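So you can see what is in the structure, the chains are spelled out below.
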Amino acid sequence: QVQLVESGGGLVQAGGSLRLSCGASGRTFSNYAMGWFRQAPGKEREFVATISWNGQTTYYADSVKDRFTISRDNVKNTMYLQMNTLKPEDTAVYYCAADRTSISGSTYALNYAYWGQGTQVTVSS
């Protein structure tokens, strides 16, 4: 089991920045690729970004590319999502997750076995 806890969400104006954190406990954090997903009201959960077990490989949804940066610190058992130039359409609950199928990471939510409880990000116009 891996326990994940997100933090860092909040209310920000359009054009602003936030940094989300995802703290992990339980099994060895570095064994897992990790990902961020988000879910807006009335919409399905969607992929945001993923990072390989060692942080060498990252991949982003087109909607956040060049604005968001995913990173991890395997010593601190923590993953991050730096979000810049935020837009109202980025408003959602953001979830971190641990991938059970690949050490490279994946865009498919079904590949992720462990999920945090989510943190709300609200971007005002």
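Structure shown above.
All of these numbers come straight from a predicted model, not from anything done at the bench.

(A) Structural view of the environment of tryptophan 115. Of note, tryptophan 115 is situated in strand 10 (residues 112-115). Taking the C-alpha atoms as reference points, tryptophan 115 and tryptophan 36, 79 residues apart in sequence, are found 9.6 Å from one another. Sequence-distant contacts of tryptophan 115, that is, excluding residues within four places in its chain, are made with Leu4, Phe37, Arg45, Tyr95, Cys96, Ala97 and Ala109. Of note is the side chain of tryptophan 115, whose polar atom sits 3.2 Å from the backbone oxygen of tyrosine 112.

(B) Representation of the pairing of strand 8 (residues 78-83) in the model. Most of strand 8 is tucked away, with five of its six residues classed as buried. One ladder, built from six bridges, connects strand 3 (residues 18-26) with strand 8; its direction is antiparallel. Considered in strand 8, the bridge of leucine 20 is made with leucine 81. Bridge count for strand 7 (residues 68-73) against strand 8 is six bridges, and the pairing is antiparallel. Following the sheet pairing, serine 71 is matched in strand 8 by tyrosine 80. Taking the residues between adjacent antiparallel strands as the criterion, strand 7 and strand 8 are bridged by four residues, where asparagine 77 takes a positive phi near 55°.

(C) Region of the structure containing the sheet that holds strand 3. Reading across the sheet, the four strands line up as 1-3-8-7 and stay open at both edges, with antiparallel pairing between neighbours. Among the strands making up the open sheet, the edge pair consists of strand 1 (2-7) and strand 7. Taken pair by pair, the neighbouring strands of this sheet meet at an average axis angle of 15°, ignoring direction. Relative to strand 3, strand 1 runs antiparallel, the two being bridged by six bridges. Note that in strand 3 the partner of leucine 4 across the bridge is alanine 24.

(D) Representation of the environment of methionine 79. Along the polypeptide, methionine 79 turns up in strand 8. Accessibility expressed as a relative area gives 0% for methionine 79, which makes it buried. It is 13 Å that separates the C-alpha atoms of methionine 79 and glutamine 3, two residues lying 76 residues apart in sequence. Leave out the neighbours within four places in its chain, and methionine 79 touches Leu20, Ser21, Cys22, Phe29, Met34, Gly35, Trp36, Ile51, Ile70, Ser71, Arg72 and Cys96.

(E) Quick look at the state of the cysteines. If you walk through the whole model with that rule in mind, you get one disulfide. Each sulfur of the disulfide joining cysteine 22 and cysteine 96 lies 2.1 Å from the other. With the S-S bond torsion at 60°, the cross-link from cysteine 22 to cysteine 96 turns out right-handed. Residue cysteine 22 is located in strand 3, and its partner cysteine 96 is located in strand 9 (residues 92-99); the two are separated by 74 residues in the primary sequence.

(F) A look at the pattern of salt bridges. Under the counting rule described, the total for this entry stands at four salt bridges. Put simply, glutamate 46 and arginine 38 hold a salt bridge, and the shortest N to O gap is 2.6 Å. According to the relative accessible area criterion, arginine 38 is buried, its value standing at 5%. The structure contains a network of salt bridges with shared partners spanning Arg38, Glu46, Arg67 and Asp90.

Cut-offs applied
Sequence order sets the numbering: in each chain, residues are counted from 1 along the sequence as written. Residue-level local features of this predicted model are given only where pLDDT is at least 70; pairs of side-chain atoms are given and counted only at 80 or more, and the full residue set underlies all totals for whole chains, interfaces and linings. The side-chain values count all of the structure's non-hydrogen atoms but skip hydrogen atoms and water molecules. Counting from the N terminus, the helices are DSSP H or I runs at least four residues long and the strands are E runs at least two residues long. What makes two residues a contact is simply this: any of their non-hydrogen atoms within 4.5 Å. Polar contacts, as used here, are pairs of N or O atoms within 3.5 Å; protein pairs need one atom able to donate a hydrogen and one able to accept it. Residues neighboring in sequence count only if both atoms are side-chain atoms. Only protein chains enter the area calculation, which uses a 1.4 Å probe; residues under 20% of their type maximum are buried, those over 50% are exposed, and those in between are partly exposed. Strand pairing requires that DSSP identify at least two bridges connecting the strands. Whenever a helix is involved, its axis is fitted only over the stretch in contact; in every case the axis is a line through C-alpha atoms, and angles between N-to-C directions fall within 0 to 180 degrees. Here, two cysteine sulfur atoms that lie within 2.5 Å of each other are counted as a disulfide. Think of a salt bridge as a Lys or Arg side-chain nitrogen and an Asp or Glu carboxyl oxygen that are within 4 Å of each other.

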